[in-house]
Amino acid sequence: MASSSKSQAHWQKTVVRILIALGGLYLLLLIPDSDSTSPASGNKQPFIWNRDEYWNALEERFKAARDSGCARLSPYIEKEFFQSHQLLAQLASDTLAPDNSAFDEIEKIFFELGPNIAARPQKLPEYIHLQTRLRKLVKEQSQHWDMNSPSARDRIYRLLYGSRAALEEVMLQVPTDSLAALSFGDDEPSQTPSTKILGVTIHSGDILVSRGGAPTSALIARGN
């Protein structure tokens, strides 16, 4: 009995020591890096969508599209795809200023096409291809823009981030078996170091990792 009691007491002390060590490690990870400095605030006006009524209208559009059935949606989807490709052809052939109305039109069509695609996921691959092509053409157009101009910065944000956000929202609404495992863009040449991950060539700089505020994020940062 005495031996058993000693063994149990020793085990309890060990557990207490481990808990104290873990608590100390947790508190240590909460301490910010000594060289952390607050970034300087910018003097530019942040972009604000300020379109809550429009987002609500798109949500109602999705509900109506989901209830109407694929047969009734098909003509509208094909028409919107046709208009989109016409506008993208214009972007591919002309150099346009960021305030050109063609960008407003393609943004509007892309957003309003989303609810219909979410209700008919068979057309999702074509929607992904449309967003990929739109992103490429906008980047090429922006090479001729003055990025110190608020209109240019707002335009590229609206089209690059906005189209991606719309696509992600559609992907959240469709069955998981409708989603492709990978969506390929253009294979841009690069002289940076690379490796293959799951059959995809990844170059240095392709993946960015940022540190969050959680203790686990601090542990990963310090461990590396």
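Source: prediction; values computed, not measured.

(A) Highlighting the overall build of the protein. Tallying secondary structure elements over the protein gives 7 helices and 2 strands in all. Tracing the protein from N to C terminus, the helices and strands come up as α-α-α-α-α-α-β-β-α. Put simply, the protein has 224 residues, and 27% of those count as buried. Here the contacts in the protein between residues at least 6 apart in sequence split such that 72% fall between residues at least 24 apart. Roughly 15,800 Å² of accessible area belongs to the protein as shown, and the carbon and sulfur atoms make up 56% of that amount.

(B) Geometry of the pattern of salt bridges. Inspection of the entire model under this criterion finds 12 salt bridges. One salt bridge connects Arg61 with Glu80, and the closest N-O pair in it is separated by 2.9 Å. One end of the pair, Arg61, is in helix H2 (residues 52-68); the other, Glu80, is in helix H3 (residues 70-93), and 19 residues separate them in sequence. For Glu80, a relative accessible area of 10% gives the class buried. Each of the salt bridges in this network shares a partner with another, and the network as a whole consists of Arg61, Glu80, Lys108 and Glu112.

(C) Seen up close, the packing of helix H5 (residues 124-142) against helix H6 (residues 150-173). Following both chains from N to C, one finds H5 and H6 inclined at 170°, their axes separated by 10 Å at the closest point. Classed by the angle they form, the pair H5 and H6 counts as roughly antiparallel. The chirality of how H5 crosses H6 is left-handed. Together, Leu124, Tyr127, Ile128, Gln131, Leu134, Arg135, Val138, Lys139 and Ser142 of H5 and Ile156, Leu159, Leu160, Ser163, Arg164, Ala166, Leu167, Val170 and Met171 of H6 make up the contact between the two elements. Counted by class, the contact of H5 with H6 contains 12 nonpolar, 3 polar and 3 charged residues.

(D) Quick look at the pairing of strand S1 (residues 194-197). As paired strands, S1 and strand S2 (residues 200-203) are joined by 4 bridges and run antiparallel to one another. Each residue of the ladder has a partner; that of Ile197, found in S2, is Val200.

(E) Focus on the packing of aromatic side chains. Taken as a whole and assessed by the stated rule, the structure comprises 9 aromatic pairs. Aromatic pair Trp49 and Trp55: ring centres 5.5 Å apart, planes at 75°, arrangement edge-to-face. Above the face of the Tyr54 ring, Arg51 is positioned so that its terminal group lies 4.1 Å from the ring centre. A cation over an aromatic ring shows up here: Arg51 above the ring of Trp55, its NZ or CZ 5.7 Å from the ring centre.

(F) Structural view of the environment of Trp49. With respect to the element layout, Trp49 can be found in the loop between helix H1 (2-30) and H2. Here Trp49 is in contact with Trp55, Glu107, Phe111, Tyr157, Arg158, Tyr161 and Gly162, once residues within four sequence places are set aside.

(G) Quick look at the nonpolar core. Formed by 37 residues in total, the largest nonpolar core has its most connected members in Leu91, Ile117, Leu124 and Tyr127. For this core, the secondary-structure elements that each account for two or more residues are H2, H3, helix H4 (101-119), H5 and H6. No other element matches H4, which puts 10 residues into this core.

Reading guide: rules and limits
Residues numbered from 1 in each chain as written. Predicted model: local features only at pLDDT ≥ 70, side-chain atom pairs only at ≥ 80, totals over all residues. Heavy atoms only, no water. Helix = DSSP H or I, 4+ residues; strand = E, 2+ residues; numbered from the N terminus. Buried < 20%, exposed > 50% of the residue type's maximum accessible area, 1.4 Å probe, protein only. Contact = heavy atoms within 4.5 Å. Areas by Shrake-Rupley, 256 points an atom, 1.4 Å probe, with all protein chains shown as cover. Salt bridge = Lys/Arg side-chain N within 4 Å of Asp/Glu carboxyl O. Axes fitted to C-alpha atoms, helices over the stretch in contact; angles between N-to-C directions. Parallel < 35°, antiparallel > 145°, perpendicular 65-115°, else oblique. Left-handed = near helix turned anticlockwise from the far one by under 90°. Nonpolar A, V, L, I, M, F, W, Y, C, P; charged D, E, K, R; others polar. Pairing = 2+ DSSP bridges. Phe/Tyr/Trp six-rings, centres within 6.5 Å; stacked < 30°, edge-to-face > 60°. Lys NZ or Arg CZ within 6 Å of the ring centre and 35° of its normal. Core = buried A, V, L, I, M, F, W, Y, C linked by side-chain atoms within 4.5 Å.

Geometric descriptors of this kind do not, in isolation, establish any biological role.
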